[in-house]
Amino acid sequence: NTPAGGSLAGGTDIELVTDYPFGIGAKYIIRNTDAFTLRIRLPAFLRKAAGPDKGLATVRVWVEGHEAIVLVKDGFLDYEIPAWPLPEPRVAVELSWAAPPEVVRSDAPAQGASVFVGPLLMALDVEEQRTVIRRYAFESADFNTTCGRETWRYALPAGRPVDFSPVLRRNASAAPQPH
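All of the points below concern the structure found in this document. (Residues numbered from 1 in each chain as written. Predicted model: local features only at pLDDT ≥ 70, side-chain atom pairs only at ≥ 80, totals over all residues. Heavy atoms only, no water.)

The secondary structure content of the protein amounts to one helix and 13 strands. Along the chain direction, N to C, the helices and strands of the protein fall in the order β-β-β-β-α-β-β-β-β-β-β-β-β-β. The buried share of the protein, reckoned over its 179 residues, is 20%. Within the protein, counting contacts between residues at least 6 apart in sequence, those at least 24 apart form 47% of the total. When the accessible surface of the protein is split by element, carbon and sulfur atoms take 56% of a total near 12,900 Å². (Helix = DSSP H or I, 4+ residues; strand = E, 2+ residues; numbered from the N terminus. Buried < 20%, exposed > 50% of the residue type's maximum accessible area, 1.4 Å probe, protein only. Contact = heavy atoms within 4.5 Å. Areas by Shrake-Rupley, 256 points an atom, 1.4 Å probe, with all protein chains shown as cover.)

We now examine the side chain of asparagine 32. Secondary-structure assignment places asparagine 32 in the loop between β3 (25–31) and β4 (36–41). Residue class for asparagine 32 comes out buried when judged on its relative accessible area of 0%. Among the polar contacts listed, one links the side chain of asparagine 32 to the backbone oxygen of aspartate 34, at a separation of 2.8 Å. Discounting chain neighbours no more than four positions away, the residues touching asparagine 32 are Gly11, Thr12, Ile81, Pro82, Ala83, Trp84, Pro85 and Arg90. (Polar contact = N/O pair within 3.5 Å; in protein donor to acceptor, adjacent residues only side chain to side chain.)

For the rest of this paragraph, the subject is the pattern of salt bridges. Pairing between side chains becomes possible if they bear opposite charge and their charged atoms approach one another. For the coordinates displayed, the defined rule picks out four salt bridges. Notably, a salt bridge pairs aspartate 78 with arginine 39, separated by 2.9 Å at the nearest N-O pair. Residue aspartate 78 is located in strand β7 (residues 76–81), and its partner arginine 39 is located in strand β4; the two are separated by 39 residues in the primary sequence. Residue arginine 39 is classed as partly exposed on the basis of its relative accessible area, which comes to 47%. Glutamate 64 is paired through a salt bridge with arginine 90; the nearest N and O atoms lie 2.7 Å apart. One end of the pair, glutamate 64, is in the loop between β5 (60–63) and β6 (66–68); the other, arginine 90, is in strand β8 (residues 90–96), and 26 residues separate them in sequence. Taking the relative accessible area as the measure of exposure, glutamate 64 reaches 25% and is therefore partly exposed. (Salt bridge = Lys/Arg side-chain N within 4 Å of Asp/Glu carboxyl O.)

Okay, unusual backbone geometry next. Residue proline 21 is reached from tyrosine 20 by a cis peptide bond, and omega for that bond is 10°. In this model, aspartate 74 sits at a positive phi of 55°, which is unusual for a non-glycine residue. Within the secondary structure layout, aspartate 74 lies in the loop between β6 and β7. Its identity is not glycine, yet phenylalanine 138 carries a phi of approximately 60°, on the positive side. Along the chain, phenylalanine 138 turns up in the loop between β12 (129–135) and β13 (141–146). Using a relative accessible area of 83% as the deciding quantity, one classes phenylalanine 138 as exposed.

Shown next as structure tokens:
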């Protein structure tokens, strides 16, 4: 989880805890002495009404532990956060959503298709090989990059839905995953 937060006027502290864009949820941990409206921008892939198991239909919100209505206005969710007189913060708002794999076909047929999981574009490891052509200051360089595989063109079936097995989610790490 990646926390981010800050203090607002009036003694309000807000901390956002999420693994977005890799995770499928977010928590707003809030300490506030006065009531206020929390405005949350909903990412574009979740604003789409794309059926019963994608996009907006999968967004769930809890305010103060009670499930709330999801109403998007101009790309935002607005929730009234009541005053909290206690000194310790609490999870005031929690969001969850689904992000099943989605095949997006290009407008240009020669460009093929892409697979997205939520906002993330999936990429195939083509085992590229890099050769340094020229070195520069500050450890930068020009590289000649070639594909390490003899065949690297892969395709998704045209005109048929793609059946994905369940997506395995792992915790995001600071280092790239090994190839």
